[in-house]
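# Structural characterization, general
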Amino acid sequence: MRRKMPTEIQTSTTQEAPTNQAARTKKHKSPEKKDNTTLVVFFGLLIDLLAFTLILPLFPSLISHYRTNDTSGLFNFLESKIENFRAIVGAPPEFNTVLFGGFLG
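Here's a quick rundown of the structure. Because the structure is a prediction, the values reported are computed rather than measured.

Below, the discussion takes up the pattern of salt bridges. Counted under the stated rule, the structure contains 2 salt bridges. Across the salt bridge formed by Arg67 and Glu79, the nearest N and O atoms sit 2.7 Å from each other. Here Glu79 lies in helix H4 (residues 74-89) and Arg67 lies in helix H3 (residues 59-69), a separation of 12 residues in the sequence. Across the pair Arg86 and Glu83 runs a salt bridge whose closest N-O atoms are separated by 2.4 Å. Placement of the pair is Arg86 and Glu83 together in helix H4, with a separation of 3 residues, close to one helical turn. Under the relative-accessibility criterion, Glu83 is labelled partly exposed at 29%.

In structure tokens:
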């Protein structure tokens, strides 16, 4: 059996040190950052939902305003198209405002 020289011992320990260090870091992993994509999408949809529901109650008053104050004829044109759609569907005339609000939404 051959004895190792001091330089061989030193070389062998330095080669094993990175392996042991890598094994230690694998055991003690630092916690990784969480993916915030779900959180960002959730809050984006929540803000969108709140913003859209804030305008919904205003649709009937906006429609009545433009029914009386429209000078371009665009409202009358759109309302006639909604009236034709309402007649095809068979809805009563009271639903014109609801259908128009749905068209705007």
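Having seen the model, we can carry on.
Let us now look at the environment of Ile82. Relative to the assigned elements, Ile82 resides in helix H4. Along the chain, Ile82 and Leu99 lie 17 residues apart, while their C-alpha atoms are 6.8 Å from each other. Non-local contacts of Ile82, meaning those with residues more than four positions away in its chain, are made with Asn96, Leu99, Phe100 and Phe103.

Further remarks concern a nonpolar patch on the surface. A surface patch of nonpolar side chains, about 570 Å² in accessible area, is lined by Leu39, Phe42, Phe43, Leu46, Leu49 and Leu50. You can see Leu50 is positioned in helix H2 (residues 37-55).

The next subject is the packing of aromatic side chains. Within the structure shown, the criterion is met by 1 aromatic pair. When the centroid spacing of 5.4 Å and the interplanar angle of 70° are considered together, the rings of Phe42 and Phe43 count as edge-to-face.

How each quantity is defined
- Residues numbered from 1 in each chain as written.
- Predicted model: local features only at pLDDT ≥ 70, side-chain atom pairs only at ≥ 80, totals over all residues.
- Heavy atoms only, no water.
- Salt bridge = Lys/Arg side-chain N within 4 Å of Asp/Glu carboxyl O.
- Helix = DSSP H or I, 4+ residues; strand = E, 2+ residues; numbered from the N terminus.
- Buried < 20%, exposed > 50% of the residue type's maximum accessible area, 1.4 Å probe, protein only.
- Contact = heavy atoms within 4.5 Å.
- Patch = residues over 30% accessible without salt bridge, like charges linked within 9 Å, V, L, I, M, F, W, Y side chains within 5 Å.
- Areas by Shrake-Rupley, 256 points an atom, 1.4 Å probe, with all protein chains shown as cover.
- Phe/Tyr/Trp six-rings, centres within 6.5 Å; stacked < 30°, edge-to-face > 60°.

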